[in-house]
Amino acid sequence: MAERPEDLNLPNAVITRIIKEALPDGVNVSKEARRAISQAASVFVLYATSCANNFAMKAKRKTLNAGDVLSAMEEMEFERFLEPLREALEVYKKGQKGKKEVSEQKRKDREKKTDSENDKSREEEEEEEERMDEEPEAENEAEEEDVEN
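Here the residue numbers are simple positions, counted from 1 along each chain's written sequence. Residue-level local features of this predicted model are given only where pLDDT is at least 70; pairs of side-chain atoms are given and counted only at 80 or more, and the full residue set underlies all totals for whole chains, interfaces and linings. Heavy atoms from the whole structure form the basis of all side-chain values; hydrogens and water molecules are not counted.

As recorded by an unreviewed UniProt entry, the protein carries the name DNA polymerase epsilon subunit 3 and is attributed to Pogonophryne albipinna. UniProt positions are given in the numbering used here, feature names are shortened, and annotations may be inferred rather than shown by experiment. UniProt annotates the protein under Subcellular location (unreviewed entry) with the comment "Nucleus".

Take a look at the structure:
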């Protein structure tokens, strides 16, 4: 846990970006207002986390999951945010699935490349062996011709 209450505040850059995205262009926000919003956001996060933790504890789990957070939002009477939160969660899951698929494809491509490089190396080794086998035969033939002449 944090030792000082200030340690629990969200970074100012994050708060400023959220505020700018939420307000129309040309609207200014004082430092005092940004600080108040930052503290309010931190309190909200702490309260939501505490409520979600209660749901996890009731289920005898130590890990909070998305369902715990959704239940906490409902308990905190933020039902109107449930659907947008579910939608955002679905988008996140799809993004994660896409990343996993891309990662898996890259792994398969690397394996194919390694296999093809190994095949090429084997082919080159076999060709080299064939050349080595052919060279003594050619030398023997040349020697036989010299002996005959």
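**Q** Help me get a handle on the nonpolar core, residues and values and all.
**A** Soluble globular proteins tend to pack their nonpolar side chains together in the buried interior. Among buried residues, those of type Ala, Val, Leu, Ile, Met, Phe, Trp, Tyr and Cys that are joined through side-chain atoms within 4.5 Å constitute a nonpolar core. Between buried and exposed lies partly exposed: a residue is buried under 20% and exposed over 50% of the maximum accessible area for its type, with that area taken using a 1.4 Å probe on protein chains only. Formed by Ala48, Cys51, Ala52, Leu70, Ala72, Met73, Met76 and Leu82, the largest nonpolar core amounts to 8 residues. Helix numbering and strand numbering both begin at the N terminus, where a helix is a DSSP run of H or I of at least 4 residues and a strand a DSSP run of E of at least 2. Of all the secondary structure elements, the ones that give two or more residues to this core are helix H2 (31-58) and helix H3 (66-75). Between two residues, a contact is recorded if the distance between any of their heavy atoms is within 4.5 Å. Leaving out residues up to four positions away in the same chain, Met73 has contacts with Phe44, Phe78, Glu79, Phe81, Leu82 and Leu85.

**Q** Quick one: what's the story with the packing of H2 against H3, residue by residue and with numbers?
**A** The angle between two axes is taken between their N-to-C directions and runs from 0 to 180 degrees, where each axis is a line fitted to C-alpha atoms and a helix contributes only its stretch in contact. Here H2 crosses H3 at 115°, and the two axes come no closer than 8 Å. Considered as vectors, H2 and H3 are oriented roughly perpendicular to each other. Seen from above, H2 lies across H3 with right-handed handedness. Side by side, H2 and H3 meet where Phe44, Ala48, Cys51, Ala52, Phe55 and Ala56 of the first sit next to Asp68, Val69, Ser71, Ala72, Met73 and Glu75 of the second. When describing relative orientation, an angle under 35 degrees is termed roughly parallel and one over 145 degrees roughly antiparallel, while 65 to 115 degrees is termed roughly perpendicular and anything else oblique. In this scheme the crossing of two helices becomes right-handed for a clockwise turn of the near helix relative to the far one and left-handed for an anticlockwise turn of less than a right angle.

**Q** I'd like to hear about the side chain of Ser42, residue by residue, with values.
**A** Within the fold, Ser42 resides in helix H2. Note on Ser42: relative accessible area 4%, which makes it buried. Every residue in contact with Ser42, bar those within four places of it in the chain, is listed here: Leu8, Asn9 and Leu10.

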